[in-house]
Amino acid sequence: MNKQSILQLFDKHYSDRYKIYPSSIKSEKDNYFFLVKDNQEKYLAVVGKPEEVKKFGSNALEEKKIDENKLIIKKCYLNHRNLNLLRGIFPNLNPSFCGLRASFGTGDRLGIATPAHIQAFAGKDIFPILSQQSVREMARTERNWQKVLDDTIWGCFEAGYEGLFGADADHVKDIKELKEAADCGFTMFTLDPSDFIRNDIGRLSKQELEKLYNQISNGKEKENLYLNKKYKIGEKELIFDKESLKEIVLTYSEAINHVVKCYEFLKDYKKDKFDLEISVDETPTVTSPLAHLFIVLELQRRGVDFQNLALHFLGDWQKGIEYIGDVKQFAKEFSLHAAIAKNIGGYKLSLHTGSDKFSVYPIFSQETGGLCHIKTAGTSWLEEAKVVAMKDPELYREIHNFALENFEKDRASYNLTTDLSRIPNIDELSDEQLVDFFNKIDSRQLIHITYGSILKAKDNKRKYIFKDRIYKILFQYEEDHYQELSNHIKRHLELLGA
């Protein structure tokens, strides 16, 4: 049998009830596997010899013998067990190590965006990190590491994707979270040591700094390694004088200790190769070129093999909107950061809060020679919310008003300059004008940061108020959903010159 005959066979028995995803059809030893959907849900269909087919879905929804072909058609749930069976048959469904190549992460808060992300990557020379979620995001979406990774892999299967992809356990802060993500099969780990980075150093007096510094057990060791050492970086010369070295050591030493501890755990625990990203961007402190140099030299000296480094770059990096700041000034300082990375070698610079920073992508790509990593997350959720506004204006109006009520509570964990007074009154807008909310800074951020409250909201009967209806609309208008989202991510990739 071939792909065409399988389509005909399935059509013969189920055409009135299910739509098949032709791109998903995979075969192995005359057994065929593909996705189908009815008007409510997606399923795995298996066609083949009884002894092989029966491995799938002990609680299968439906099974039918086809005597003339000695075959069985079975329709199964998209659950973890069935996915593991598929991953055993088709190794390309397992995430991979990326290493030192250009890469791009696509967060997916609803778990249904992967096929659209894959469309965006078509023809692009960049490694896709298709599974990416932070601990904070999972708490707000009521998901876990396994659910995040499984949803991504089912999306790869649906799209018929056979290329390499990564899975990033994002902004992990402790070893327990690392272990859980590693157990689920993640291949990239983003360590967030921000709890160990001091942000008060710039406010301390010289006497206070001196007192703190003298309490550090290895202060003299750091001085022997770095004090008054000169580093030629491009046309610049970076020097650790006593004052700058003290401030940098006090700011980052405990964070580096935490990273070393986490890395040593991963190295012993995860037997396969993995990508490691160090993130020092989640602090109020802009990372100076000298601090960048110190962090990298210390990590390498202490044996940490990392592939990505996310710094807090100059400017204001807010969620889901364009870069705020002087682009020329950013370019000037970033060129020095890029020169440090090139001079030392062995890692990429990573841009967090990378969604929609269109003005800086060409700079980021050009200065790094294309060897960089970009992270996006909430922008995919915003495109999905936009599709809801386009297809079900009444539902979007409810979501919008609910977001306004919850904004002050939800903004606490974000750096924002959102001004709700600049958002037009939704009651004065026509249905056709609702999509304009997604072209404006304040209304984009309104929906961006309240996603957790929106998705978790329940009524008195403990039923979701919005979540199930959002999924239903995006399922019903799946092609529009994929198209809008794919076009948006594609714009990011094209500006990077992927």
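Up top is the structure these notes are about.
J.: Mind showing me how you'd approach empty space enclosed by the protein here?
T.: Any empty space left between the atoms is revealed when a probe the size of a water molecule rolls over them. Enumeration according to the criterion identifies four cavities of 30 Å³ or more in this entry. There is about 40 Å³ of room inside the largest cavity. Surrounding the largest cavity, Pro-193, Tyr-252, Ala-255, Ile-256, Val-259, Ile-278, Val-280, Ile-295 and Leu-299 form its lining. At the level of elements, α10 (242–269) and α11 (289–301) are the ones that each hand at least two residues to the lining of the largest cavity. Residue contributions to the lining of the largest cavity peak at four residues, all from α10.

J.: How should the packing of aromatic side chains be read in this particular structure?
T.: The relation between two aromatic rings is expressed through the spacing of the ring centres and the mutual angle of the planes. Inspection of every chain in the model, using the stated rule, returns 27 aromatic pairs. Taken together, a centroid distance of 6.2 Å and an interplanar angle of 40° make the contact between Tyr-396 and Phe-437 tilted. Placement of the pair is Tyr-396 in helix α15 (residues 393–410) and Phe-437 in the loop between α15 and α16 (441–449), with a sequence separation of 41 residues. Exposure class is identical for Tyr-396 and Phe-437. Each is buried.

J.: Looking at this structure, I do not really get the sheet that holds strand β13 (residues 275–279). What am I missing?
T.: By definition, the strands of a sheet pair up through backbone hydrogen bonds, in either a parallel or an antiparallel sense. Taking strand neighbours around the barrel as the criterion, the eight strands line up as β7-β8-β9-β10-β13-β14-β15-β16 in a closed arrangement whose pairing is parallel. Taken over all neighbouring pairs, the strand axes of this sheet differ in orientation by 25° on average, direction set aside. In this structure, strand β8 (residues 127–134) lies alongside strand β9 (residues 166–172), joined through five bridges in parallel fashion. Considered in β9, the bridge of Ser-131 is made with Ala-167. Taken strand by strand, helix α19 (residues 478–495) contacts β7 (103–106) and β16 (372–376), and its axis lies near 160° from that of β7.

J.: For this particular structure, what's the right way to read helix α3 (residues 80–89)?
T.: Residue pairs three or four apart in sequence face the same way in an α-helix, which turns once every 3.6 residues. Among the residues making up α3, those that are buried are Asn-82, Leu-83, Leu-86 and Arg-87. Seen along its axis, α3 keeps its buried residues to an arc of 140°; they face one direction. In the core, the buried residues of α3 are packed alongside β3 (31–37), β4 (42–48), β6 (71–76), α6 (145–159) and α7 (175–184).

J.: I'm lost on the nonpolar core in this one. Help?
T.: In a soluble, globular protein the nonpolar side chains are often hidden away together inside. Formed by 104 residues in total, the largest nonpolar core has its most connected members in Leu-44, Phe-186, Phe-189 and Leu-276. Here this core takes 13 residues from α10, the largest share from any one element. In contact with Leu-276, not counting residues within four places along its chain, are Phe-189, Leu-191, Tyr-263, Leu-266, Val-304, Asp-305, Phe-306, Gln-307 and Asn-308. With 32 residues, the next largest nonpolar core counts Leu-395, Phe-437, Phe-438 and Leu-446 among its residues.

J.: Help me understand the layout of surface pockets in this model?
T.: Taken as a whole, the largest pocket spans an internal volume of roughly 920 Å³. Lining the largest pocket are 32 residues, with Glu-41, Lys-42, Ile-112, Tyr-471 and Phe-475 sitting closest to its centre. Taken together, the elements giving at least two residues each to the lining of the largest pocket come down to α6, α18 (467–476) and α19. Looking at which element gives the most residues to the lining of the largest pocket, the answer is α18, with seven residues. Considering only residue class, the lining of the largest pocket consists of 12 nonpolar, seven polar and 13 charged.

J.: Even after reading the chapter, I still don't get the side chain of Lys-348, so can you show me in this structure?
T.: Turning to its location among the elements, Lys-348 is positioned in strand β15 (residues 348–351). There is no salt bridge for the buried Lys-348, and the closest opposite charge comes from Asp-275, which lies 5.8 Å off by N-O distance.

J.: Explain the packing of helix α8 (residues 206–214) against α10 here, please?
T.: What describes two packed helices is the angle between their axes and the distance between those same axes. Running from N to C, α8 and α10 cross one another at 60°; their axes reach a closest spacing of 10 Å. On the basis of the axis angle, α8 is oblique to α10. The way α8 lies across α10 gives a crossing that is left-handed. On α10, the residues touching Leu-209, Glu-210, Leu-212 and Tyr-213 of α8 are Lys-246, Glu-247, Val-249 and Leu-250.

J.: Just checking my understanding: could you explain the state of the cysteines for this structure?
T.: Each disulfide consists of a covalent bond between the sulfur atoms of two cysteine residues. With the rule as written, the count across this model stands at zero disulfides. We note that Cys-76 lacks a disulfide partner, and the nearest cysteine sulfur, in Cys-156, lies 20 Å from it. Of the residues examined, Cys-76 reaches a relative accessible area of 0% and is grouped as buried. No disulfide involves Cys-262; its sulfur sits 17 Å from the nearest other cysteine sulfur, which is in Cys-184.

J.: I keep staring at the pairing of strand β12 (residues 236–239) and nothing clicks. Help me out?
T.: Note on strand geometry: in a regular strand, side chains alternate between the two faces of the sheet. Of the pairings in the sheet, the one linking strand β11 (residues 230–233) to β12 comprises four bridges and is antiparallel in character. If you follow Lys-230 over to β12, its bridge partner there is Ile-239. Linking β11 back to β12 in an antiparallel pair, the connection comprises two residues, with Gly-234 at a positive phi of about 60°.

J.: Help me understand the packing of α15 against α16, please; the structure alone is not making it clear to me.
T.: The interhelical angle for the contact between α15 and α16, taken along N-to-C directions, is 80°, at an axis separation of 8 Å. Of the possible angle classes, the one that applies to α15 and α16 is roughly perpendicular. In this structure, α15 contributes Tyr-396, Ile-399, His-400, Ala-403, Leu-404, Phe-407 and Asp-410 to the contact, and α16 contributes Gln-445, Leu-446, Ile-447 and Ile-449. Here the residues of the contact of α15 with α16 are counted per class, giving eight nonpolar, two polar and one charged.

J.: Could you clarify how one ought to interpret the environment of Lys-490 in this entry?
T.: Considering the arrangement of structural elements, one finds Lys-490 in helix α19. For the pair formed by Lys-490 and His-117, sequence separation is 373 residues and the distance between their alpha carbons is 8.5 Å. Ignoring sequence-local partners within four residues, the contact set of Lys-490 consists of Gln-119, Ala-120 and Lys-124.

J.: I'm lost on the pairing of β15 in this one. Help?
T.: Alternating residues of β15 divide into Lys-348 and Ser-350 and Leu-349 and Leu-351, and every residue in both groups is buried. Taken together, the three bridges between strand β14 (residues 308–310) and β15 define a ladder with parallel strand orientation. The residue bridging Asn-308 from the neighbouring strand is Lys-348, located in β15. For the segment spanning β14, helix α12 (residues 327–344) and β15, crossover handedness is right-handed. Across three bridges, β15 lies against β16 in parallel orientation. Looking at the pairing, Ser-350 lines up with His-373 of β16.

Analysis parameters
- Residues numbered from 1 in each chain as written.
- Predicted model: local features only at pLDDT ≥ 70, side-chain atom pairs only at ≥ 80, totals over all residues.
- Heavy atoms only, no water.
- 1 Å grid on protein atoms, 1.4 Å probe; cavity = no way out; pocket = protein on both sides within 12 Å on 5 of 7 lines; lining within 4 Å.
- Points joined across faces, edges and corners; volume = space filled by probe spheres on them.
- Helix = DSSP H or I, 4+ residues; strand = E, 2+ residues; numbered from the N terminus.
- Phe/Tyr/Trp six-rings, centres within 6.5 Å; stacked < 30°, edge-to-face > 60°.
- Buried < 20%, exposed > 50% of the residue type's maximum accessible area, 1.4 Å probe, protein only.
- Pairing = 2+ DSSP bridges.
- Axes fitted to C-alpha atoms, helices over the stretch in contact; angles between N-to-C directions.
- Contact = heavy atoms within 4.5 Å.
- Arc of directions from axis to C-beta.
- Core = buried A, V, L, I, M, F, W, Y, C linked by side-chain atoms within 4.5 Å.
- Nonpolar A, V, L, I, M, F, W, Y, C, P; charged D, E, K, R; others polar.
- Lys, Arg positive; Asp, Glu negative; His and termini not counted.
- Salt bridge = Lys/Arg side-chain N within 4 Å of Asp/Glu carboxyl O.
- Parallel < 35°, antiparallel > 145°, perpendicular 65-115°, else oblique.
- Left-handed = near helix turned anticlockwise from the far one by under 90°.
- Disulfide = S-S within 2.5 Å.
- Right-handed = clockwise from strand over helix to strand, strands pointing away.

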